[in-house]
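Notes for the structure review
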Amino acid sequence: MAAAIDGVLPATLQELVKKSKVLVVGAGGIGCEVLKNLVLSGFTDIEIIDLDTIDLSNLNRQFLFHREHVGKSKARVARESALSFNPDANITAYHDSVTSTDYGVNFFKKFDVVLSALDNRAARNHVNRMCLNADVPLIESGTSGYNGQVELIKRGLTQCYECTPKEKQRSFPGCTIRNTPSEPIHCIVWAKHLFNQLFGESVEDEDISPDAADPEAQEAAAEAKDTGSAGDAPEGLNEKESEPATANGNVVRINTRQWAKDCNYDAGKLFNKFFNEDINYLLRMSNLWKSRKAPVPVQWDTLLIDGAGSKGPELARQTHKIWTLEECAHVFANALKELSAAFLKLEGNDTLVWDKDDQPAMDFVAACANVRSHIFDIERKSRFEIKSMAGNIIPAIATTNAITAGISVLRAFSVLQAKWEQCKAVYARLRLNGRNQFLVPDAFFPAPNPNCYVCASDPAITLRIDTKRVQIKAFRDEVLIKTLNMVNPDVTVESTGSILISSEEGETECNEQKLLSDMNIVDGVILKCDDFFQSYELSIIISHFDAERDDVLFEVIADKNQLQPKDEKPVEPEAEPSSRKRAANGNDATDDGPSTSKRSRLTEVEDDDDDCLVVEDDDDVEEQVQESVEDTVAAATNKLTVDCPQKTATKRKPSKTLDDEDVEDITEILDSSDEEVGPTKCKRTKLEETRAGEVINID
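Described below are features of the structure shown in this document. (Residues numbered from 1 in each chain as written. Predicted model: local features only at pLDDT ≥ 70, side-chain atom pairs only at ≥ 80, totals over all residues. Heavy atoms only, no water.)

This part is about the sheet that holds strand E17 (residues 554-557). Spatially, the six strands line up as an open sheet ordered E14-E13-E15-E16-E12-E17, and their pairing is mixed. At either end of the open sheet lies a strand with only one pairing partner, and these are strand E14 (499-501) and E17. With direction set aside, neighbouring strand axes in the sheet form an average angle of 30°. In terms of strand pairing, strand E13 (residues 489-493) meets E14 through two bridges, oriented antiparallel. Paired with Val491 across the two strands is Ile501, which belongs to E14. Lying over the sheet, helix H16 (residues 472-483) contacts strand E12 (460-465), E13, E14, strand E15 (526-531), strand E16 (536-544) and E17, oriented at roughly 65° with respect to E14. (Pairing = 2+ DSSP bridges. Helix = DSSP H or I, 4+ residues; strand = E, 2+ residues; numbered from the N terminus. Axes fitted to C-alpha atoms, helices over the stretch in contact; angles between N-to-C directions. Contact = heavy atoms within 4.5 Å.)

The next subject is the sheet that holds strand E1 (residues 21-25). One open sheet holds the eight strands; their spatial order is E3-E2-E1-E4-E5-E6-E10-E11, and the pairing between them is mixed. Pairing within the sheet leaves two strands with one partner each, and these edge strands are strand E3 (90-94) and strand E11 (439-441). Averaged over all adjacent pairs, the angle separating strand axes in this sheet is 15°, with direction ignored. Of the pairings in the sheet, the one linking strand E6 (residues 147-153) to strand E10 (residues 426-428) comprises three bridges and is antiparallel in character. Bridge pairing links Val150 to Val426 in E10. Packed on one face of the sheet, helix H5 (residues 121-134) meets E1, strand E4 (113-116), strand E5 (138-144) and E6 and runs near 160° to E5.

Time to look at the nonpolar core. Counting 58 residues, the largest nonpolar core has Trp190, Phe199, Leu270, Phe271, Phe332 and Phe364 as the members making the most contacts within it. For this core, the secondary-structure elements that each account for two or more residues are helix H7 (184-198), helix H9 (256-262), helix H10 (267-283), helix H12 (325-344), helix H13 (359-375) and helix H14 (383-390). Ignoring anything within four residues of it in the chain, the contact list for Phe332 reads Ala267, Leu270, Phe271, Trp300, Phe364, Ala367 and Cys368. Grouped together as the second largest cluster of nonpolar side chains are 52 residues, Val98, Tyr453, Leu516 and Val525 included. (Core = buried A, V, L, I, M, F, W, Y, C linked by side-chain atoms within 4.5 Å. Buried < 20%, exposed > 50% of the residue type's maximum accessible area, 1.4 Å probe, protein only.)

Moving on: the environment of Ala260. Note on placement: Ala260 falls in helix H9. In sequence terms Ala260 and Ser340 are 80 residues apart; their C-alpha atoms lie 9.6 Å from each other. Not counting the four nearest positions on each side in its chain, Ala260 is found in contact with Leu198, Tyr265 and Leu270.

A separate point is the side chain of Thr158. Following the sequence through the fold, Thr158 ends up in the loop between E6 and helix H6 (174-178). Judged by relative accessible area, Thr158 falls into the buried class, the value being 4%. Looking at Thr158, its side chain comes within polar contact range of the main-chain oxygen of Leu152, at 3.3 Å. Excluding residues within four positions of it along the chain, Thr158 makes contact with Leu152, Ile153, Phe445, Pro446 and Pro448. (Polar contact = N/O pair within 3.5 Å; in protein donor to acceptor, adjacent residues only side chain to side chain.)

The next point concerns the environment of Lys424. For Lys424, the location among the structural elements is in the loop between helix H15 (398-416) and E10. Owing to a relative accessible area of 14%, Lys424 belongs among the buried residues under this scheme. With 13 residues separating them along the chain, Lys424 and Arg411 place their C-alpha atoms 8.7 Å apart. Other than its neighbours up to four places away in sequence, Lys424 contacts Arg411, Asp442, Ala443, Phe444 and Phe445.

With that out of the way, let us pick up the side chain of Asp55. Inspection of the secondary structure assignment puts Asp55 in the loop between strand E2 (45-49) and helix H3 (74-83). Residue classification places Asp55 among the buried residues on the basis of a relative accessible area of 7%. In this structure the side chain of Asp55 is engaged in a polar contact, spanning 3.1 Å, whose partner is the side chain of Arg178.

With that out of the way, let us pick up unusual backbone geometry. Phi at Ala418 takes a positive value of approximately 60°, unusual for a residue other than glycine. Assessed through its relative accessible area of 44%, Ala418 is described here as partly exposed. Phi is positive for Asn520, which is not a glycine, with a value near 60°. Considering the arrangement of structural elements, one finds Asn520 in the loop between E14 and E15. Residue Asn520 is classed as exposed on the basis of its relative accessible area of 60%.

This part is about the pairing of E3. One ladder, built from five bridges, connects E2 with E3; its direction is parallel. By the bridge assignment, Ile46 is partnered in E3 with Ile91. Handedness of the crossover joining E2 and E3 through H3: right-handed. (Right-handed = clockwise from strand over helix to strand, strands pointing away.)

The packing of two helices is summarised by the inter-axis angle and the distance between the axes. Two elements in contact, H10 and H12, have axes whose closest approach is 10 Å; the angle formed by their N-to-C orientations is 120°. Taken together, the axes of H10 and H12 lie oblique to each other. In this structure, the crossing between H10 and H12 has a hand that is right-handed. Listed contacts from H12 to Ala267, Leu270 and Phe271 of H10 are Ala329, Phe332, Ala333 and Leu336. Looking at the contact of H10 with H12, its residues break down into seven nonpolar, no polar and no charged. (Parallel < 35°, antiparallel > 145°, perpendicular 65-115°, else oblique. Left-handed = near helix turned anticlockwise from the far one by under 90°. Nonpolar A, V, L, I, M, F, W, Y, C, P; charged D, E, K, R; others polar.)

Of all the positions in H14, only Arg383, Ile386 and Ala390 are classed as buried. The buried side chains of H14 occupy one side of the element, clustering within an arc of 60° when seen end-on. (Arc of directions from axis to C-beta.)

Moving on to the pattern of salt bridges. For the coordinates displayed, the defined rule picks out 20 salt bridges. Among the ionic pairs, Lys74 bridges to Asp52, the shortest N-O distance being 3.2 Å. Here Lys74, found in helix H3, pairs with Asp52, found in the loop between E2 and H3; they are 22 residues apart in sequence, far enough to count as distant. By relative accessible area, Lys74 is classed as buried at 2%. A relative accessible area of 31% places Asp52 in the partly exposed class. Of the charged contacts in the structure, one is a salt bridge between Arg383 and Asp363, with a shortest N-O distance of 2.6 Å. (Salt bridge = Lys/Arg side-chain N within 4 Å of Asp/Glu carboxyl O.)

Set out below in C-alpha cells:
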C-alpha cells in the first residue's frame, strides 16, 4: 500500500492517510473504483454504504464484482474484494440506505472526509445536508458518458449541492428495463437495446431477455425449475437453444442475432418471441406480479393476418400520432425489412449504428417501445415524443468512472492536508480544450448562495400551490419529502404555533385527508418546517393560485436573486460573474430539485439557463451612444408623428481584457454515477446556446 512505503507520499500526508476515517457512499461504478483506490493508497479505516444489489449489467464496469456475485449486496461484496488488496484494512460495509435514520449527523461526524458516488438526487441531497450539519468535507463525483466531474462541498467555503437548481435526472436498473418497466422511457431503452441485439454493437449489459437473475424473481424461478417448467423458457432467452443436441448431449446455443438471421428476419416469429414468449416467461416469475399489474402477451396473428408492413411507410410519416397496436405491428414489419436488408449488405463484423435521424431505425424503436408499453399497460407515445426521449440516452463508460474516482481520491489527499485551493472542481472531457487539457480544473470556488434554501443562515422558499385542492398528506409526501428531500418533517404554522404535520406517528394523522385551505393554510401564511433527523429548518411562504384542470398543483419558486451570488445585480448591465450552475448528479425522476417544480423548468428562473459573464466594452458604449441618438431623434420628430425604428437586441461580446485561455466551455455533469446522467454545457464568457432536451441515464 502506498502509505505503507516511505517516500511514496509526503511524510505528513502518509500519517494523515493512516489515521483518517473515510466514508464512501455508493458502491457502483465510481464507488468500486474509489474503494479500490483508497485501499491501495493506504487508507485502513473505511466504511462503505449502499442499498443496491449486484445486477448482471453491472459487471462490465464494476470490477470488484463477478458473475457469482449477482444478486448479492454491493457494499458487502465490494468490501470482500477490496480486502484482497490489503487484508489488514478495516472496512465496514452497510447494506442499507444512507437516508435511514440510523445514519444521522452524529454518524457523519465520525469521518474526516466523505466521498459520494451516488446515482440518485434524493440521496445526494441528503448526504449534502448531513455533511453540512456535521461540518465534514464532502467530495461529490459523477459521470455521464465520457464526461466526469469531481467537486468539493465544504460549509462556508463552497456552494453546497443544493445551492443551484438541478435539471431532471433519470436512472434505471437493468432488471427494471428487462422485467418490470413502469414508464415509457423504460420501454424506449429496451427497444434501443433490442435494435443493438439484432443489428448493432451488442453488449451483455444491453440484453433484452427476461432477467432470471433478478433477486426479486429468483424464488419464483427456483420454483419453476423444481417443477420442470424452466425448460419452457422462450426461444432466445439470453441465448437461443436449438432443438437438436450434439452427440455428447449438450444443447447447441446460438445468440438472438444469429437466430433472427436463421429465421430470415421473419416479422411474425420475431414479434412473437419478444412480445409473447418472453412475456409468458416473465409471467412465470410470480413474485414480480404480487404487487404489480401483470403484463399481457400479444400474438402476431391477432394483429396482422395479411399485408404485414404494407402500411408501415405511411404510418411512419405520422410522427405526432400515437399509433394503435395494429399500426405498431405494420411499422415494426416494415422497419425490420429495411434494417435486415441493410444489415445483410454489411461485410465482416460491421454493424448498424442506431441514429434517431435514421428513418427505419427510429421507426423500429418507436414501434417496439409502444408494443411493449401496451403489454405493460404503460402510456404509449408518438414517434415524435419517442425520438426526443431516445436521442438523449447516454451509457456509462468504465474508463470515465476510473478517471473520476482517481481524481476523487487525489482531492481527498488535499482535504486531509487542508489545502483547499487545490480542491477546485475538475471536469473530465472526451476532447482536449484550447489548452490541450482533457482534465479541466475550475478557476475558482463558487461562493455559497446567500439565498440557498439549505445552507443559508435563514433558509426560506416560496411555494406556489393550490391550497383548495392539495391535501395535507400530499403536501407532506409530494412537496416536503419528494421535492424538498426531507425525511421526517415537522410543520407548524408560524402565526399560531399550531402543529400541521408531526413526525410522531399518529399525532396528526387526523389532518392527512384535509385540504390545506381547511386548515387555514392560505395565501401569505408562513409555515415552519423542521427535519430533526437532518438538522434542517426551512420557512415556506404559501402563495395560493387556482390551478386549471391540467395544471401542476404546486411549484417551488426561486427568486431570481437566489440563483446569483451576493455581488451580482441582475437589473444592471454591469454585472459581476453569475453563479455557475453546478451539476446535479442525481434520481429519480420525480424530483427536479427544490428550486424547480414538477414542470421541467420554471418561468421565474429561465434566465438562469444562460450561464454567462457580461462585460462592458466598447460595443456597450456604442450601444449607449446609439440609444442616446435615437432618443434625440425620436424627441425631435414627435411632431411629425414619425416613430423611431425599434432597436434590435444584440449579444454582447466578452471583454477583450480577458485572457483567451479563460474563454472556454465548462462541461458539467447533470447527474452522476455509474448509471450516469448527461452533461450540461455552460460558457462563462459567452451566451449559452439553447439547452438540449432532458438527458436520461440508464443502468
